[in-house]
Structure formats: C-alpha cells, structure tokens
Amino acid sequence: MRKTALDCIGDTPLVALALARGLGAPVLAKCEHLNPGGSIKDRIAKAIVLDAEERGLLRPGMTLIEATAGNTGVGLAIVAALRGYRLVCVMPEKMSVDKRRSLTALGARVVITPNAPPSSADNFQQVARRLAQENGWYLTDQFKNPANVAVHERSTGREILEQTGGRVGAFVVGAGTGGTLSGVGRCLRASVPGVKIILADPVGSSLADWVEHGSLCPSAAYAVEGIGSSEPPANLHRDVIDGVERISDEESFSTARRLIREEGLLVGGSAGTNVAAALRVAARGDVAGPVVTILPDAWDRYRSCAWMLAEG
Ligand code: PMP
C-alpha cells in the first residue's frame, strides 16, 4: 500500500537521555518532534478531522478554523491539504514569527490576536469561535474536543506502554490543551499500578496552583510556548494528575539547549520544560521505574528566538 504523510504520524521513537545519567531512574523521551509536521499535534489534527468526517460534519472544500500556538495549525494544514479543506489559524502575537511563516507557506490564512486571557473577547480562542460562527467554518476546537484526549489515550499512551514493556514509574509533561497529559495519563493509570502523572508547568502559568489547590492564582508572563495557561482548558483532567513541577523559562531554555547540543535532539522550548521536570522527578528517587516524558516539537520553529542561540 502506498503511504501518505498522514500514515507517517505517530509511532515515534522513545530515547534514553544521557542527561539523566547517575540519577535514581532513567528518563525516556518520546520524539514527537519527528512527526511529519514536526510536532505531537499532528496526531490530534488527523484524529479531529477524521472524527469530524466520520460524524458527517465536513464537506469537501469546507474551511477548518483553529486557535493554535502554531503546531496544531501545521498538523491541520497537512491534513487539510490531503483531505481537501481550507484552513484558517488564529494565533496570539507572542508566538514565534517562524510559526506564522510556516503556516503561511503551508497555504493557511493566519489571523493574529493580542496576547489576551481566555475571558477576553480578543483572546485567540474566542476570536476563532466567533469567526467560525460568523462564516460557517468548522472549529476543530482542540481545547475542548474529546477526540484530542482520545487519540493520546489510544496512540501516544499505547505506544509508551509497548515501548517500555509496561514499566513506567512516572509520566511528566506540560499542558497546553491538556490532551497529551489527560490521554496518556488515563492510558497509563489503567495499565500501570502506582504510576505517577506529573504536570510540568511554566513559572507564571496558573495551572500548577489549580492542580494543587483547585483555585487560580494570578498569572504572569513567561516565554516558553505552547504550554501553561491562566485558566485550565476543558481537556486538562485534574483527576489524572498526582503532582506538579514548576519550571522557570531559564531552566526550560537551558535544558532545551542541552538537548540540542548534548543529545542531538533538535527540539523546541517546551521539551526543555518537560525534561527539566522529568530530571527532577528522576532525581528524587521515589519512582518505581523509568520517568517518561515528551519532546513536543522541533527546533526549526524557534530559529528567530534569542534562547536558541544563547550560551549555556
Ligand atoms: N508544547 C508545544 C510546543 C505545544 O505547541 C503544545 C500544544 N499547545 C504542547 C507542548 C502541549 O500539548 P497539549 O496541547 O497536548 O497539552
């Protein structure tokens, strides 16, 4: 059978990190940056569109719209090209110029919004919802769509179980939509007794406080892209989370540079957040098996960012 780019999504390698040498447990990182669109979001783009097709919600030539930090947009652009749809991406202005350019190069229309909290009418999610209603476009709705969590449960989580032979001490990851954490968390909890599911959250995000206390603290600015929020998204399921690690921008970016320079893993900033948190969990030595984490996206979308070229 001839394959298309859609068939190359998923089944990513799981690599052991040299950075974890000498710690209490190995750290294993899933190379989601090696997906065709360069990120883990290819999985949900494909799953959401195929799910909507199955439910009879899409017609050929229809326009898809999504609020995206960039990666879901790239995944959707690939799926839209292969399945015959148009695509509009609504993106907050904080996201890198590289991501904007990639989406434009892929043929998507890009709408930029101010960096506004979810409750504001200018927020990228609200703008996408409004444009969908006004124009009759299909909102793929990654922050709420249950197909997001479901695909991580049946693909990302299942692959991790197979690649580790079911031996996982902890799973550590940041949350943008929460799809990865909720889906993989649900899958591992069902199959691995005692596994710990840990949220890696940027300092400045409110999600860690929400997990620990059920309430939201005031959020502050941070530079790492794609994870953290001032309000919990619907796809982030608090009941699967056992604990949190808070990671500063500085630690995220220095860890991402080490992944690039010492491990040859050509990843973006949120991989640094995830791995920094996973290293902390491994160093505590209280987990009963390897610590598994995710490398969500590739470095090419951050080439214009100062952190990529910094020393140390
Ligand atoms: N890292 C990056 C760079 C992302 O774009 C995203 C998705 N917004 C994530 C991590 C988080 O993934 P999820 O949406 O599954 O929580």
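Refer to the structure above for everything that follows.
K.L.:
Explain helix 6 (residues 179-191) residue by residue, including any values.
P.N.:
Each full turn of the α-helix corresponds to 3.6 residues, which orients residues three or four apart in the same direction. Taking 1.5 Å of rise per residue, the 13 residues of helix 6 would be expected to cover 18 Å, and the 18 Å separating its terminal C-alpha atoms lies within 8% of that figure. Looking only at helix 6, the buried set comprises Gly179, Thr180, Leu181, Ser182, Gly183, Val184, Gly185, Cys187 and Leu188. On its buried face, helix 6 is in contact with helix 5 (146-164), strand 7 (170-173), strand 8 (196-202) and strand 10 (291-295).

K.L.:
Explain the packing of aromatic side chains to me, using residue names and the numbers behind them.
P.N.:
Following the criterion strictly, the structure yields three aromatic pairs and no others. Ring plane angle 85 degrees and centroid distance 5.9 Å describe the contact between Phe124 and Phe143, whose orientation is recorded as edge-to-face. Placement of Phe124 in helix 4 (residues 124-135) and of Phe143 in the loop between strand 6 (138-139) and helix 5 is noted, with a sequence separation of 19 residues between them. Relative to Trp307, the ring of Phe253 lies with its centre 4.9 Å away and its plane at 10 degrees, an arrangement referred to as stacked.

K.L.:
Would you mind going over the sheet that holds strand 1 (residues 14-16) in detail, with residue names and values included?
P.N.:
Across the sheet, which stays open at both edges, the six strands sit in the order 1-2-10-7-8-9 with mixed pairing between neighbours. The sheet is open, and its two borders are formed by strand 1 and strand 9 (243-247), each paired with just one other strand. Between one strand axis and the next, the sheet turns through 25 degrees on average, direction left out of account. Across five bridges, strand 8 lies against strand 9 in parallel orientation. Residue Asp201 lies in a different strand from strand 9, and its bridge partner there is Arg246.

K.L.:
Provide a residue-level description of the environment of Gln125, including the pertinent values.
P.N.:
Residue placement: Gln125 occurs in helix 4. Assessed through its relative accessible area of 25%, Gln125 is described here as partly exposed. Sequence separation of Gln125 and Asp141 is 16 residues, and the distance between their C-alpha atoms is 8.5 Å. Once residues within four sequence positions are removed from consideration, Gln125 is found in contact with Ala67 and Phe143.

K.L.:
Report on the nonpolar core, specifying residues and quantitative values.
P.N.:
Grouped together as the largest cluster of nonpolar side chains are 27 residues, with contacts concentrated most on Phe171, Leu181, Leu188 and Leu199. Breaking this core down by element, the ones donating at least two residues are helix 5, strand 7, helix 6, strand 8, helix 7 (207-213) and strand 10. Counting 26 residues, the second-largest nonpolar core is a separate cluster that includes Val27, Cys31, Ala271 and Ala277.

K.L.:
How would you summarise helix 9 (residues 269-284) if you had to cite specific residues and measurements?
P.N.:
In this model helix 9 runs 23 Å from its N-terminal to its C-terminal C-alpha over 16 residues, within 8% of the 22 Å that 1.5 Å per residue would give. With 13 of its 16 residues buried, helix 9 lies for the most part within the structure. The positive-phi residue at the C-terminal boundary of helix 9 is Gly285, with phi of around 70 degrees.

The rules behind these values
Residues numbered from 1 in each chain as written. Predicted model: local features only at pLDDT ≥ 70, side-chain atom pairs only at ≥ 80, totals over all residues. Heavy atoms only, no water. Helix = DSSP H or I, 4+ residues; strand = E, 2+ residues; numbered from the N terminus. Expected span 1.5 Å × (residues − 1). Buried < 20%, exposed > 50% of the residue type's maximum accessible area, 1.4 Å probe, protein only. Contact = heavy atoms within 4.5 Å. Phe/Tyr/Trp six-rings, centres within 6.5 Å; stacked < 30°, edge-to-face > 60°. Pairing = 2+ DSSP bridges. Axes fitted to C-alpha atoms, helices over the stretch in contact; angles between N-to-C directions. Core = buried A, V, L, I, M, F, W, Y, C linked by side-chain atoms within 4.5 Å.

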